[in-house]
Amino acid sequence: MKRLLALSLAAIMTLGLLTACGNQVAEQTNETGKETNETGEEAEGTEAESAGEISQVLEDGKLTVGTNAEFPPFEFVDDNGEPDGFDVALIKAIGEKLGVEVEIENMEFDALVASIGNKIDVAIAGMTITDERKENADFSDPYYDALQYVILPEGSEIATFDDLAGKTIGVQLGTTGDFIASDDVDGAEVKQYNKGVDAVNDLINGRLDCVIIDKNPALVFAAKFEGQLTAVDGEQFDFGVENYAIAMPKGDTALAAQINGALKELKEDGTFDELVKKYIEEN
C-alpha cells in the first residue's frame, strides 16, 4: 500500500514538473517578440518575418533606391520634376510594408547595378533578370513579364528579325534591346543612348532605321508620335518574354526575404493590381 502511494505521488510530481516546463517553453517563445496563438505556437507572418532576420541595409530606417526615370510608364519625371511611375510607386509601397523611408536616386541605367552597395541599396528600373547582371547582383522575385518591341517609321519595310540585319538600330544603353541589337543582329550599326526618347527623336529625324525597346515605353512613344511611328510586337521578331525584378546586393538573403515578403503581400492585398491599372493599363 505504501509502495502504491509512493508511486502515485511520484507520478503527480513528474506531471507537475512537465507542466511547469511546458509553461516555461511557452514563456520563452513569447519572449521572442513574435505573435503566438493560444497553444504558444508562432502565428504565420510575412516571408520577411518568417526569415527571422533583418537586413543591415534597413537598420537606419531608410532604403535608397536607384532608378532611371526615362522609361515610361515604369519610371519618368513628373510635372514637379520628381521621379514617378509604376516602379517608383511599387518600391514606395514595399517601403511602407517594411516600415522604412524610400529615397529615390535618378541615375543612368547602365550605372545602376554597379552602384548597388555604394550609392544605392537596391535598383528598380524595368530591369530584366540576366545572367550577366546576376554576376554582380541578386534579384527579387519577378514582378512583371515584358517583351521587346521594335519602333519603326510609318511605311518601314522592316517586318521580321532577318530584316534587322545591316540596319542602324537605336537602343538605350545597357538594356535588353541593346544586348539583342549588339549580340544577335548581323551587321547592325548599333547606336546607344542614355535616354530612350533620344533614340526615338533620332528615328523621327531619319538617323535610325528602328529602335528596339521594351513594350510599354514603345507604346507610349508610338502614341506620342502617332502618324510618324509605329510600335511592332516583338513576337513578330521572335523576341522572348523577359522578367523584371528588383536588383539587390549579392548575398543579402535577409533583404531578399523582406522585399519578396512585402511584394507578395502587395499582390495579395490588391495594391499591385491597383498600381498596374493606374500606371500601365490606363496609359
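Residues numbered from 1 in each chain as written. Predicted model: local features only at pLDDT ≥ 70, side-chain atom pairs only at ≥ 80, totals over all residues. Heavy atoms only, no water.

### Some points on the overall build of the protein chain
So the rule is basically this: Starting at the N terminus, helices and strands are each numbered in turn, a helix being any DSSP run of H or I of at least four residues and a strand any DSSP run of E of at least two. Think of it in three bands: residues with accessible area under 20% of the maximum for their type are buried, residues over 50% are exposed, and the middle band is partly exposed, with areas taken using a 1.4 Å probe on protein chains only. Contacts were defined at the residue level, with two residues in contact if any of their heavy atoms lie within 4.5 Å. What sets the accessible areas is the Shrake-Rupley method with a 1.4 Å probe; for residues, cover comes only from the shown protein chains.
Per the secondary structure count, the protein chain includes ten helices and 13 strands. The buried share of the protein chain, taken over its 283 residues, is 44%. For the protein chain, restricting intrachain contacts to residue pairs at least 6 apart in sequence, the fraction spanning at least 24 positions comes to 71%. Carbon and sulfur atoms make up 46% of the accessible area of the protein chain, which amounts to about 15,200 Å² in all.

### Description of the packing of aromatic side chains
Quick note on the threshold: Whether two aromatic rings pair depends on their centres lying within 6.5 Å, for rings of Phe, Tyr and Trp, where Trp uses its six-membered ring; planes under 30 degrees apart make the pair stacked, over 60 edge-to-face, and the rest tilted.
According to the stated counting rule, one finds eleven aromatic pairs in the structure shown. Considering the side-chain rings of Phe86 and Phe272, the 5.5 Å spacing of their centres and the 90° angle between planes classify their relative orientation as edge-to-face. Note that Phe86 is positioned in helix α3 (residues 86–98) and Phe272 in helix α10 (residues 271–281), a separation of 186 residues in sequence. You'll find Phe86 and Phe272 in the same group, each marked buried. Through successive ring pairs, a cluster of aromatic residues spans Phe71, Phe74, Phe86, Tyr143, Tyr144, Tyr244 and Phe272.

### Examining the pattern of salt bridges
Operational definition: By salt bridge we mean one thing: a side-chain nitrogen of Lys or Arg within 4 Å of a carboxyl oxygen of Asp or Glu.
Using the criterion set out here, one finds six salt bridges in the structure. Between Lys97 and Glu265 there is a salt bridge, with its nearest N and O atoms 3.6 Å apart. In this pair, Lys97 is assigned in helix α3 and Glu265 in helix α9 (residues 253–268), connecting sequence segments 168 residues apart. When its relative accessible area of 36% is taken as the criterion, Lys97 is described as partly exposed. Notably, a salt bridge pairs Lys97 with Asp269, separated by 2.9 Å at the nearest N-O pair. Residue Lys97 is located in helix α3, and its partner Asp269 is located in the loop between α9 and α10; the two are separated by 172 residues in the primary sequence. Several salt bridges converge on common partners, so that one network encompasses Lys97, Glu265 and Asp269.

### Quick notes on the nonpolar core
Our working rule: In plain words, nonpolar cores are sets of buried Ala, Val, Leu, Ile, Met, Phe, Trp, Tyr and Cys residues tied together by side-chain atoms within 4.5 Å.
Of all hydrophobic cores here, the largest spans 64 residues; its most connected members are Phe86, Leu90, Ile94 and Tyr143. Once residues within four sequence positions are removed from consideration, Tyr143 is found in contact with Phe86, Asp87, Leu90, Ile124, Gly126, Tyr244, Ala245, Ile246, Leu263, Lys267 and Phe272.

### Notes on the pairing of strand β7 (residues 144–153)
Using the following cut-off: Only strands joined by at least two bridges in the DSSP assignment are considered to pair.
Counting buried residues along β7, eight of its ten residues qualify, which places the element largely inside the surrounding structure. As judged from the four bridges shared by β7 and strand β12 (residues 241–244), these two strands associate in the antiparallel manner. By the bridge assignment, Asp145 is partnered in β12 with Asn243. Judged from the four bridges that link them, β7 and strand β10 (residues 210–214) form a sheet pairing that is antiparallel. Looking at the pairing, Ile151 lines up with Val211 of β10. One ladder, built from four bridges, connects β7 with strand β11 (residues 229–232); its direction is antiparallel. The residue of β11 that forms the bridge with Val150 is Val232.

### So, a negative patch on the surface
Counted only if it meets this: Excluding any residue in a salt bridge, patches collect residues exceeding 30% relative accessible area, merging like charges within 9 Å and nonpolar Val, Leu, Ile, Met, Phe, Trp and Tyr side chains within 5 Å. Charged residues are defined here as Lys and Arg on the positive side and Asp and Glu on the negative side; His and the ends of the chain fall outside this count. We put the charge of a Lys on NZ, of an Arg on CZ, of an Asp on CG and of a Glu on CD.
Residues Asp131, Glu132, Glu135, Asp162, Asp183, Asp184, Asp186 and Asp238 make up a contiguous surface patch of negative charge. When you line up the elements, Asp162 lands in the loop between β7 and β8 (168–172). Looking at Asp162, the relative accessible area reads 64%, which means it is exposed.

### What about the packing of α3 against α9?
Worth spelling out the cut-off: Angles run from 0 to 180 degrees between N-to-C directions of axes, and those axes are lines fitted to C-alpha atoms, restricted for helices to the stretch in contact. Each angle is binned into one of four classes, with values under 35 degrees roughly parallel, values over 145 roughly antiparallel, values of 65 to 115 roughly perpendicular, and all other values oblique. Polarity classes work like this: nonpolar for Ala, Val, Leu, Ile, Met, Phe, Trp, Tyr, Cys and Pro, charged for Asp, Glu, Lys and Arg, and polar for all others, with Gly in that last group.
Taken N-terminus to C-terminus, the directions of α3 and α9 make an angle of 105°; their axes are 9 Å apart at the nearest point. Of the possible angle classes, the one that applies to α3 and α9 is roughly perpendicular. Touching Leu90, Ala93, Ile94, Lys97 and Leu98 of α3 are Gln258, Ile259, Ala262, Leu263, Glu265 and Leu266, all from α9. Of the residues assigned to the contact of α3 with α9, the class counts are eight nonpolar, one polar and two charged.

### Some thoughts on the confidence of the model for the protein chain
Segments scoring low in pLDDT should not have their predicted coordinates read at a detailed level. Here is the rule we go by: pLDDT expresses how confident the predictor is about each individual residue, on a scale running from 0 to 100.
Scored by pLDDT, the protein chain comes out at a mean of 86, with 81% of its residues at no less than 70. Residue range residues 1–51 is modelled with pLDDT below 50. Its contacts to residues more than four positions away, or to other chains, number 22 contacts.

### Considerations on the side chain of Glu75
Formally: As used in this structure description, the phrase polar contact means that two N or O atoms lie within 3.5 Å; if the pair is within protein, one of them must be able to donate a hydrogen and the other to accept it, and residues adjacent in sequence are counted only when both atoms belong to side chains.
Structurally, Glu75 can be placed in the loop between β1 (62–67) and β2 (76–77). In this structure, Glu75 is buried with no salt-bridge partner, the nearest side chain bearing the opposite charge being Arg133 at 11 Å. A polar contact of 3.3 Å, which involves the side chain of Glu75, links it to the backbone nitrogen of Gly126. Setting aside its immediate chain neighbours within four residues, Glu75 contacts Thr67, Asn68, Ala69, Glu70, Asp84, Gly85, Asp87, Val88, Ile124, Ala125 and Gly126.

### Focus: the side chain of Thr67
The topology assignment puts Thr67 in strand β1. For Thr67, the side chain forms a polar contact with the side chain of Glu75, separated by 3.2 Å. In contact with Thr67, not counting residues within four places along its chain, are Glu75, Ile104, Glu105, Asn106, Met107, Leu112, Ile124 and Ala125.

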